[in-house]
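Chain and residue survey
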Amino acid sequence: MAGPAHAEARLLSRILRVGLTIAVLGQIAWSFRPGPSAAQPEFEAEGRALYEANCSTCHALGATGTPNGPSLLDSGPAAVDFMLRTGRMPLANPADQPERGQPKFTPAQIDALVAYVSSIAPGGLPIPTVDASQGDLALGARVFLDNCAACHGAGASGDSVGGGQIAPSLYEADPTVIGEAVRIGPGLMPTFGPGTIDQAELDSLAAYLLWLRDNGDEGGLQLGRAGAVAEGFIAIVVGLGILILVLRLTGAKR
Amino acid sequence: MKRSERLVALAFVVAIISALALFAVYVRGGNPQAEGALLALALGGVGAGLLLWATRLMPQIRDETQPRTQATPATDADREAAAETVEAGVEEIRRRRFLARLLLGAAGALGLAALIPIRSLGRSPGDSLLRTKWTAGARLVTADGTPVTTSTLEVGSFVTVFPEGFEGSADSQAVLVSVEPGLLHLPPEWSDGAPPGLVAYSKLCTHAGCPVGLYLAATHELRCPCHQSTFDVLNGARPVYGPAPRPLPQLPIEVGDDDVLRATGEFTGPVGPSFWELA
Amino acid sequence: MIVRRLVDGVDERLDASSFIKHNLRKVFPDHWSFMLGELALYSFAMLLLTGIFLSLFFVASPAETIYQGPYAPMQGREVSLAYESVLRLSFEVRAGLVMRQTHHWAALVFVASMTAHLVRVFFTGAFRRPRELSWIIGVTLLVAGIGAGFTGYSLPDDLLSGTGLRIIDSAVLSIPVAGTWLAYLFFGGEFPAPELLSRLFVMHIFLIPAVITGLLSVHLALVWRQTHTQFRPKGTLEGTVTGTPVWPKFALKSVGLAFMTFAVLAGLGGLVQINPVWLYGPFVPYGALSPAQPDFYAGWLEGILRLWPNWELHLFGHTIGNLFLPAVVLPGIIFTGLALWPFIEARATGDTAVHHDAQRPRDEPVRSGIGAAGIAFFVSLMLAGSNDVLAKFLQVEVDSLNGVLRVLVFLMPAITGVVVWWLCRDLGARDAAPIARPARSEIRRNAAGGFDEVEDL
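Structural notes, computed from the coordinates.

Analysis parameters
- Residues numbered from 1 in each chain as written.
- Chains lettered and ligands numbered in written order.
- Predicted model: local features only at pLDDT ≥ 70, side-chain atom pairs only at ≥ 80, totals over all residues.
- Heavy atoms only, no water.
- Contact = heavy atoms within 4.5 Å.
- Buried area = accessible area lost by both parts, 1.4 Å probe.
- Salt bridge = Lys/Arg side-chain N within 4 Å of Asp/Glu carboxyl O.
- Polar contact = N/O pair within 3.5 Å; in protein donor to acceptor, adjacent residues only side chain to side chain.
- Helix = DSSP H or I, 4+ residues; strand = E, 2+ residues; numbered from the N terminus.
- Nonpolar A, V, L, I, M, F, W, Y, C, P; charged D, E, K, R; others polar.
- Pairing = 2+ DSSP bridges.
- Patch = residues over 30% accessible without salt bridge, like charges linked within 9 Å, V, L, I, M, F, W, Y side chains within 5 Å.
- Areas by Shrake-Rupley, 256 points an atom, 1.4 Å probe, with all protein chains shown as cover.
- Lys, Arg positive; Asp, Glu negative; His and termini not counted.
- Charge placed at Lys NZ, Arg CZ, Asp CG, Glu CD.
- Axes fitted to C-alpha atoms, helices over the stretch in contact; angles between N-to-C directions.
- Phe/Tyr/Trp six-rings, centres within 6.5 Å; stacked < 30°, edge-to-face > 60°.
- Buried < 20%, exposed > 50% of the residue type's maximum accessible area, 1.4 Å probe, protein only.
- Disulfide = S-S within 2.5 Å.
- Core = buried A, V, L, I, M, F, W, Y, C linked by side-chain atoms within 4.5 Å.

With that out of the way, let us pick up the interface of chain C and chain B. Taken residue by residue, the interface counts 88 residues in chain C and 74 residues in chain B. Among the residues of chain C in contact with chain B, Arg94(C), Tyr184(C) and Tyr286(C) are the three that bury the most area, contributing 11% of the side total. The interface formed by chain C and chain B contains two salt bridges. The interface formed by chain C and chain B holds 31 residue pairs in polar contact (both at pLDDT 80 or more) in total. With 15 residues, the top contributor of residues to the side of chain C that touches chain B is helix α10 (residues 246–271) of chain C. Split into classes, the residues belonging to the side of chain C that touches chain B amount to 40 nonpolar, 33 polar and 15 charged. Sheet analysis places strand β1 (residues 64–67) of chain B next to strand β4 (residues 240–245) of chain C, joined by four bridges and oriented antiparallel. Looking at β4(C), one finds that Glu64(B) is bridged to Gly243(C).

Here it is, written out as structure tokens:
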């Protein structure tokens, strides 16, 4: 078609396209807005002080890294929060493997540090929101068995994976920490983005892991969920052991 | 004596009470731990009582000594007679040489025929161990059938994939890994089969066939949980540790027009553990 | 009196009163280590009892269904009828879980006690002429027990046992010339074939128990007929046996022992969780989990596979797969050697006499050294098979642990063998020439001021 009707249609379509683009870009930009707490200057100052006192020796003042510690420029809030919340960081000795332990900072201090690092090293994955109450146990079990059980053990009690590391037990992780680990892949762990574990699956995974802490052991003592190795040990030492004791008590010794 | 009697009595009483309690637990819905504990007490009570009775309440029953062989031992004459009896029967058959040979032949032939049901137990392997369900153009999908695109994975991620329509297939299972572009050092003849930063290998371990389900992302190694065979993803999944003798065969893939990943053909080698017919 | 009427009735029908009189008076030596075989026997009885119950619920079918039972994490999941029946047995059938777990614990204790019994017979030389057949039957029973266990725990069709089946299939595939045919014929086709589950079921509830029951009966009949070996008490003649009469004392003790065995197994069955298949999920051929071990009696095989180098032989267009030597040839040599041991030892020592006396380990230092080395070998292999669990427990790197284990697997048997051999020789020498007890004497002052020695006290 030709003429004024055509020109009008084209203008309308152009306005729509531009509007849509602005809306989408705006959404994306909006999602990267800094958290409300970071707006307070005292908060950032605290974060900065903590960073300089505890982190800068290995990660450098500008988070650019040193031979003792990697650059944090691409880490993102999720990674920083994960490391601090699980007590893996700060590391007393740079040669040590990071291991789960008591967090060295209070939650408020951790928030301050996360905010500060984000301000000097923006970008990277944000802290995921994980709501275990929205999760479905059956979906969570499925996701766990398909993706996690090979390294962390079928009962989530952890296992050696080689490369000098042990995939840890997952009983102490809260849903946010679970989400962070899944998305950032700390240590030797691979990452699982929304393409492999989407939000519903992540919520369900968290729900299942929380459930596993106190459930799943209808059969009795769970022997660290170490499987046939522990069962064999008990069968020989306890089962056969008690019976041999009975034999010794009732049979002749000569 | 008195004390032992009381112990035996106590053991039996414990058994009775536990067995009755077991009934109560059962009627009220049952509980494995209670059931096991009470069963142990009930059975153990009877057992302990019997053992105490036998070892402490029968002192008058002493050990006795007996000869080991009861009947009078066989003399040479007896053995001779036995051998002759057997021999006589065998000789009857041996006498008729021709018929005995035919009997042997019949037994042999029937014996061979008896192997027939064994052949019926399964189909011939044929070349099924050398083929999977992958064909050129087959789309890669996850276990639930979702097509895999270039945005499914990020760097450091991996996922189990199948040819579309054969989700869950045992021999076609493959693992798609996303690595930093430029790090892959595949054999020249197969480097076309991996879009930048993406490579797919068979998930069946070449050692004993377990799915290679661990991915150590930082060192780009796929590892098998069964016997710890470790494969270097950047170098054609060649084995770098453990008992696996061959690399994981690569699945050559390309990015289709719709951004969905497709196979361009079969795996670069037979999947799974080795067998005689493998060249 | 009832007993008299009973005996009369039996004798009338079976002409058995002299048989009864004779056999109830038979004596059996009472040494505690001679009861280890009974532990195996009663564990087997427990397996039969609990097994019958389980077989009334288990569905040996790989056909898929949707799980709708009370175990929430499997709700809506596609599982086989077999897996579903095991979950139903565990969570919906009253006393189902305790029966299932007791059955599995009984299987482990069955193989463990057979092994203990085998070790006892070995170290006391009770396998020597005329008891070689009993020994061969015993080794066969051990292998059958391992087979029963493996087929049994593969029945629930869960991810862990299915992975184990895959490994066995691969081991069969590695056999030269006939491997692929054997695997396809006996497993029903390319893994996982639909026929596999029901074949395992038939093996587990019928074929193997029939073999065990038959062989066990012959084994017991032989012991009865040949009489049990014993450490010959001082003052008794060769060719005699001293012990407790079967009726009533020995029988009562045996029944008591049976109940104690049942008690321990039932206690474990209710109080200690074993094989929680609901945590492993149903078998899917692309699923992987850890820790991935078979039951302990196959742990030594797992260890061999984890430690074995990645060798493979290619010749003239064919391949002898990596698994053939460690998974087929080596176990074959081990068990054949074990079964033929009475003849190997007789040839090596030149001793073909009939023996009814049990020896003490110290009387045969070489045999005891070899036996101890064998035990150390198996223990090292079992440690190797659990290397990832062990590494996590010890907080060490698993690949380094493997390196250590590769050395230990040779070093431990060698050291243990030599040490035990030396100890036996030393103990034996001490028995032959015991250190004389010190003599005591008193010295008393006499009236004259000298010293007199009073006689030895």
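With that out of the way, let us pick up a negative patch on the surface. Residues Asp76(B), Asp78(B), Glu80(B) and Glu84(B) make up a contiguous surface patch of negative charge. With respect to the helices and strands, Asp76(B) occurs in helix α3 (residues 76–95).

Pairing within the open sheet is antiparallel, and its three strands lie in the order β1(B)-β4(C)-β1(C). Edge positions in the open sheet fall to β1 of chain B together with β1 (27–28) of chain C, since each of these has one partner strand only. Across the sheet, α10(C) is in contact with β1 and β4 of chain C; its angle to β4(C) comes to roughly 75 degrees.

Glancing now at the packing of aromatic side chains. All names here are of chain C. Under the definition given, this model contains 31 aromatic pairs over all chains. Judged by centre distance (5.8 Å) and plane angle (55 degrees), the rings of Trp300 and Phe335 are tilted. With Trp300 in helix α12 (residues 299–307) and Phe335 in helix α13 (residues 324–339), the pair connects residues that are 35 residues apart, well separated along the chain. In this pair, the class of Trp300 matches that of Phe335, namely buried.

Glancing now at the side chain of His152(A). Residue and element names in this part refer to chain A. As for its placement among the helices and strands, His152 is situated in helix α7 (residues 149–152). Of note is the side chain of His152, whose polar atom sits 2.8 Å from the backbone oxygen of Pro168. Other than its neighbours up to four places away in sequence, His152 contacts Ser157, Gly158, Asp159, Ala167, Pro168, Leu170 and Met189.

Turning next to the state of the cysteines. All names here are of chain B. With the rule as written, the count across this model stands at one disulfide over all chains. The disulfide partner of Cys210 is Cys226, and the gap between their sulfur atoms is 2.1 Å. Taking the sign of the S-S torsion, about -95 degrees here, the bridge from Cys210 to Cys226 comes out left-handed. Of the two residues, Cys210 is situated in the loop between β5 (198–202) and β6 (214–216) and Cys226 in the loop between β7 (221–223) and β8 (230–232); the sequence distance between them amounts to 16 residues.

Between chain A and chain B, the contact holds 19 residues from the first and 20 residues from the second. With both chains or domains summed, chain A and chain B bury close to 1,500 Å², and 59% of this area falls on carbon and sulfur atoms. Where chain A packs against chain B, one counts zero salt bridges. Scanning the region where chain A abuts chain B turns up nine residue pairs in polar contact (both at pLDDT 80 or more). Every element with two or more residues in the side of chain A that touches chain B is listed here: α7, β1 (159–162) and α10 (228–250) of chain A.

So, on to the nonpolar core. In this structure, Phe144(A), Val177(B) and Leu222(B) are the most contacted members of the largest nonpolar core, which totals 179 residues. The biggest single contributor to this core is helix α5 (residues 96–123) of chain C, with 15 residues. Dropping the residues within four chain positions of it, Leu222(B) is found in contact with Phe158(B), Val175(B), Val177(B), Tyr201(B), Val212(B), Leu214(B), Tyr215(B), Ser229(B), Thr230(B), Phe231(B), Val233(B) and Leu248(B). Trp134(B), Val161(B), Leu204(B) and Leu261(B) belong to the second largest nonpolar core, which has 18 residues in total.

For the peptide bond that leads from Met89(A) to Pro90(A), omega is 0 degrees, which places it in the cis range. Positive phi, normally seen in glycine, also occurs at Asp157(C), with a value near 60 degrees. Relative to the helices and strands, Asp157(C) resides in the loop between α6 (132–153) and α7 (159–173). For Gln395(C), which is not a glycine, the phi torsion comes out positive at approximately 60 degrees. Inspection of the secondary structure puts Gln395(C) in the loop between α16 (387–394) and α17 (398–432).

A regular strand carries its side chains on alternate faces of the sheet. All names here are of chain B. Most of strand β3 (residues 158–163) is tucked away, with six of its six residues classed as buried. Burial of β3 is two-sided: the residues Phe158, Thr160 and Phe162 facing one way and the residues Val159, Val161 and Pro163 facing the other way are all buried. Pairing between strand β2 (residues 140–141) and β3: two bridges, direction antiparallel. Looking at the pairing, Leu140 lines up with Pro163 of β3. Where β3 lies against strand β4 (residues 174–178), four bridges are found, and the strand directions are antiparallel. Of the residues in β4, the one forming a bridge with Phe158 is Val177.

Looking now at a positive patch on the surface. Residues and elements named next belong to chain B. A cluster of basic residues, Lys2, Arg3, Arg6 and Arg56, forms a positive patch at the surface. No other element matches helix α1 (residues 2–27), which puts three residues into the positive patch. Here Arg3 shows up in helix α1. By relative accessible area, which is 57% here, Arg3 ends up exposed.

Take the sheet that holds β5(B) next. Read across the sheet, five strands follow the order β2-β3-β4-β5-β10 (chain B) without closing on themselves; strand pairing throughout is antiparallel. Among the strands making up the open sheet, the edge pair consists of β2 and β10 (250–251) of chain B.

All names here are of chain A. In this structure, β1 lies alongside strand β2 (residues 165–167), joined through three bridges in antiparallel fashion. Paired with Ser160 across the bridge in β2 is Ile166. Counting the residues in the hairpin turn of β1 and β2 gives two residues, including Gly163, whose phi is positive at 65 degrees.

Moving on, we come to the environment of Leu216(C). Residues and elements named next belong to chain C. Looking at where Leu216 falls in the secondary structure, it is placed in helix α9 (residues 196–226). Taking relative accessible area as the criterion, Leu216 reaches 15% and is therefore assigned buried. Beyond its immediate stretch of four places on either side in the chain, Leu216 contacts Leu41, Phe44 and Leu141.

Attention now moves to the environment of Met260(C). Along the chain, Met260(C) falls in helix α10. For the pair Met260(C) and Ser55(C), spaced 205 residues apart in the sequence, the C-alpha separation amounts to 25 Å. With sequence-adjacent residues up to four places away left out, Met260(C) is seen in contact with Leu243(A), Val246(A), Gly44(B), Gly47(B), Ala48(B) and Leu51(B).

Attention shifts here to the pattern of salt bridges. Here the structure, examined in full by the defined rule, presents 27 salt bridges over all chains. Here Glu87(B) and Arg94(B) are joined by a salt bridge, their closest N and O atoms 3.0 Å apart. Between Asp30(C) and Lys253(C) there is a salt bridge, with the nearest N and O atoms lying 2.9 Å from each other. Taken together, the positions of Asp30(C) in the loop between β1 and α3 (36–55) and Lys253(C) in helix α10 put the pair 223 residues apart, joining distant regions of the chain. Considered together, Asp30(C) and Lys253(C) belong to a single accessibility category, that of buried residues. Connected through salt bridges with shared partners, the residues Arg139(B), Glu164(B), Asp258(B) and Arg262(B) form a single ionic network.

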